[in-house]
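Residue-level structure breakdown
Chain by chain, the residues:
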Amino acid sequence: MKDFVLSIDQGTTSTRSIVFNRAYQNCGSGQMEFAQHFPQSGWVEHEAEDLWTTTLETAQKAMKTAGITADQVAAIGITNQRETAVVWDRRTGQAIHRAIVWQDRRTSEHCARLRADGHAELVAERTGLLIDPYFSATKIAWLLENVSGAREAAEAGHLAFGTVDSWLIYKLTGGKRHVIDVTNASRTMLCNIGTAEWDADLLKLFNIPRSILPDILSNIDDFGTTEPDLFGGAIAIKGVAGDQQAAVIGQACFTPGMMKSTYGTGCFALLNTGTDRVASNNRLLTTIAYRLNGEIHYALEGSIFIAGAAVQWLRDGLKMIGKASETAELAAKADPGQRVYLVPAFTGLGAPWWDAEARGAMFGMTRNTGPAEFARAALESVCFQTRDLLGAMRKDWPGQADTLLRVDGGMSANDWIMQRLADILGVAVDRSASTEVTALGAAWLAGHGAGIWPDQKGFAADWHRERQFTPSMEGAERAALLKGWDSAVQCTLAFGKKP
Ligand SMILES: Nc1ncnc2c1ncn2[C@@H]1O[C@H](COP(=O)(O)OP(=O)(O)O)[C@@H](O)[C@H]1O
Ligand SMILES: O=P(O)(O)OC[C@H](O)CO
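Cut-off values and rules
Residues numbered from 1 in each chain as written. Chains lettered and ligands numbered in written order. Predicted model: local features only at pLDDT ≥ 70, side-chain atom pairs only at ≥ 80, totals over all residues. Heavy atoms only, no water. UniProt positions renumbered as here; feature names shortened; annotations may be inferred. Near = heavy atom within 4 Å. Polar contact = N/O pair within 3.5 Å; in protein donor to acceptor, adjacent residues only side chain to side chain. Areas by Shrake-Rupley, 256 points an atom, 1.4 Å probe, with all protein chains shown as cover. Helix = DSSP H or I, 4+ residues; strand = E, 2+ residues; numbered from the N terminus. Nonpolar A, V, L, I, M, F, W, Y, C, P; charged D, E, K, R; others polar. Expected span 1.5 Å × (residues − 1). Buried < 20%, exposed > 50% of the residue type's maximum accessible area, 1.4 Å probe, protein only. Core = buried A, V, L, I, M, F, W, Y, C linked by side-chain atoms within 4.5 Å. Domains from an automatic or database assignment. Pairing = 2+ DSSP bridges. Axes fitted to C-alpha atoms, helices over the stretch in contact; angles between N-to-C directions. Contact = heavy atoms within 4.5 Å. Buried area = accessible area lost by both parts, 1.4 Å probe. Salt bridge = Lys/Arg side-chain N within 4 Å of Asp/Glu carboxyl O.

- As recorded in an unreviewed UniProt entry, the protein chain goes by Glycerol kinase and comes from Rhizobium oryzicola.
- Among the UniProt annotations of the protein chain, the heading Sequence similarities (unreviewed entry) holds the following wording: "Belongs to the FGGY kinase family."
- Per UniProt, the comment on the protein chain under Function (unreviewed entry) is "Key enzyme in the regulation of glycerol uptake and metabolism. Catalyzes the phosphorylation of glycerol to yield sn-glycerol 3-phosphate."

Structure representation (structure tokens):
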């Protein structure tokens, strides 16, 4: 009986694979970290081969620990770090360069030139994105310009580009398929999100030949079958989505107005706007949430670069704590009379500010400020930044972005932050019973595609929260806290602009 789904979650710092049974329970998993390469300041690369080998090894381990064979797996689902660009040679199946990771800033100048030349409007209108090195297009252009012989090989049809989902599918199918799912395509800055097709004007703008691009498929689709020798039998790949969109699905945020926020190293908040494509006037992104049954659903997205990373800074940089979880107890002990704020703009500020030059700052310290106030400030900074995103969403889509936030990610385990989040947002916060929402989202796509799991409605009915946090802070206290945060952000932005 095909009672299991294998879900692969290829993330920025590690690759995880999980086998789910029909009751959505995790019954076997594997996880591996891989090397991060920083060849120059602001550059971030991954060996494409590492992404592939950790995928294969963790998937094999997950099946082994679950004690299952390939003929028991109904389908594979894949979810992945988005935007990261891989270009490979079809003749050898080898990448022509390390993958350029979403965090990489090497194409800042190219992006600044495109903005100065007045292309921002076209890009926003077609893709819903801001011109920024974050997205794949300028990374691909960089590879074609800077890897010797790449441009000629691309023109001759020998090269292939893919985000990480495409690369893994290519490897899993033994080079037979060159495809991408619609959500990953929507992050390349080359895809028209109205039609979900590659956009000829954008290909021209970025000087990228159409021949290197994969075919765009829906989230549940025929992505090919694995080479039989990889898992001891061929398995169909039936579900694929970028990791933040997979979390939207895993959180069953299928109804317009529902919002999820994932708190890992960074934080990504997505608000489902349904079939309405809401354009942001507040520097949020419009992106494809999913395409199911031929219908595209959109989301407004806000990205915060530093969330759990602020806790890592307390632990590894300042050595104020031994473990991330200690922050909860420490923050609870902080002096309520001291209003200390951390603006964690260590790598600039993301949405809705998008200021790459901003740098981190602490405000309001006294001689009595110690680790407890630092911990509270670090945890609260995540809540305040989420409030800035929600504020922008409310302005972009008045009356719709409302009442409830579903949360997941490593940091959501911290009860203190989740309560503070509810207090600062003034909305209820629901923590999912599943601790692997992203992998579950990709699994559901594959399992529903294979016919072993119900449709969206049935899956949403099976979604459970583990705990709800409801706002308990007085309005006046919230307003005073927010006023302090707003002025801390303004001072930080102003400081970044100094010569
Ligand atoms: N109990 C906790 N309290 C605060 N932060 C936490 C806690 N547990 C984990 N974190 C933070 O969450 C992050 C890890 O979450 P995870 O979802 O695994 O992230 P990623 O997928 O980005 O690697 C780390 O930055 C860590 O500092
Ligand atoms: O791999 P993660 O979880 O850090 O997510 C990365 C995002 O997809 C980048 O857009």
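**Comments concerning the site of ligand 1**
- Around ligand 1 there are 14 residues in total, and Thr265, Gly308, Gln312, Gly410 and Asn414 lie nearest to it.
- Contact between ligand 1 and Gly308: an oxygen atom at 3.1 Å from a main-chain N or O atom of the residue.
- Between ligand 1 and Gln312 there is a distance of 2.8 Å, counted from an oxygen atom to a side-chain nitrogen or oxygen.
- In the complex, the protein chains occlude 72% of the 580 Å² of accessible area that ligand 1 would expose alone.
- No other element matches helix α11 (residues 308-317), which puts four residues into the shell around ligand 1.
- Of the residues belonging to the shell around ligand 1, the class tally is four nonpolar, ten polar and no charged.

**Structural notes on the site of ligand 2**
- For ligand 2, the full set of nearby residues is Gly11, Thr12, Gln81, Arg82, Glu83, Trp102, Tyr134, Asp243, Gln244 and Phe268.
- Contact between ligand 2 and Asp243: an oxygen atom at 2.5 Å from a side-chain N or O atom of the residue.
- Grouping the constituent residues of the shell around ligand 2 by class yields three nonpolar, four polar and three charged.

**So, the UniProt feature "domain: Carbohydrate kinase FGGY N-terminal" (unreviewed entry) in the protein chain**
- The UniProt record annotates "domain: Carbohydrate kinase FGGY N-terminal" (unreviewed entry) at residues 5-250.
- In residues 5-250, the share of helix is 35% and the share of strand is 24%. The end C-alpha atoms are 14 Å apart.

**Observations concerning helix α1 (residues 48-66)**
- Taking 1.5 Å of rise per residue, 19 residues should cover 27 Å, and α1 covers 27 Å from first to last C-alpha, within 8% of that figure.
- For α1, the complete set of buried residues consists of Ala48, Leu51, Trp52, Thr54, Thr55, Leu56, Thr58, Ala59, Ala62, Met63 and Ala66.
- Of the residues flanking the end of α1, it is Gly67, one or two places downstream, whose phi is positive at about 70°.

**Looking at the nonpolar core**
- Leu190, Trp198, Ile212, Tyr263, Leu421 and Trp444 are the most contacted members of the largest nonpolar core, which has 138 residues in total.
- Here this core gets 13 residues from one element, more than from any other, and that element is helix α13 (residues 371-396).
- Counting the residues that make up this core, at least three belong to each of domain 1 (4-235) and domain 2 (252-432 + 464-499).
- Membership of the second largest hydrophobic core comes to 36 residues, among which are Phe34, Met63, Ile169 and Phe223.

**What to know about unusual backbone geometry**
- Looking along the chain, the bond that leaves Ala351 and enters Pro352 is cis, with omega of -5°.
- Considering the arrangement of structural elements, one finds Pro352 in the loop between β19 (341-343) and β20 (361-363).
- For Ala196, which is not a glycine, the phi torsion comes out positive at approximately 60°.
- Within the fold, Ala196 resides in the loop between β11 (191-192) and β12 (197-198).
- Positive phi, normally seen in glycine, also occurs at Asn293, with a value near 50°.

**Describing the sheet that holds strand β21 (residues 404-408)**
- Across the sheet, seven strands lie side by side as β17-β18-β16-β15-β21-β22-β23; this open sheet has mixed pairing. Edge strands, defined here as strands with exactly one partner in the open sheet, are β17 (285-292) and β23 (465-469). On average, each strand axis in the sheet is inclined to that of its neighbour by 30°, with strand direction left out of account.
- Sheet strands touched by α13: β15 (259-263), β16 (267-274), β18 (295-304) and β21. Its angle to β18, the strand with the most contacts, is close to 140°.

**Things to note about the domain arrangement of the protein chain**
- Domain annotation of the protein chain identifies domain 1 (4-235) and domain 2 (252-432 + 464-499).
- Distance from the C-alpha centre of domain 1 to the C-alpha centre of domain 2: 28 Å.
- Considering only the surface of domain 1 that becomes buried against domain 2, Leu130, Tyr134 and Ile193 emerge as the three largest contributors, covering 28% of it.
- At the boundary of domain 1 and domain 2, one finds two salt bridges.
- Here Arg82 makes a salt bridge to Glu301, at a shortest N to O gap of 2.8 Å.
- Along the contact surface separating domain 1 from domain 2 lie nine residue pairs in polar contact (both at pLDDT 80 or more).
- Among the secondary structure elements, those contributing two or more residues to the side of domain 1 that touches domain 2 are α3 (120-127), α7 (182-185) and β13 (215-217).

**A closer look at the sheet that holds strand β5 (residues 73-80)**
- Strand order in the open sheet formed by five strands is β3-β2-β1-β5-β14, and the pairing between neighbours is mixed. The open sheet has two edge strands, β3 (26-33) and β14 (237-242), and neither has a second partner. Each strand of the sheet is rotated relative to its neighbour by a mean of 15°, with strand direction disregarded.
- Sheet topology places strand β1 (residues 4-10) next to β5; seven bridges connect them, and they run parallel. Opposite Leu6, over in β5, you have Ile76 as the bridge partner.
- Here helix α6 (residues 164-172) sits on the sheet and contacts β1, β5 and β14; the angle it forms with β5, its principal contact strand, is near 145°.

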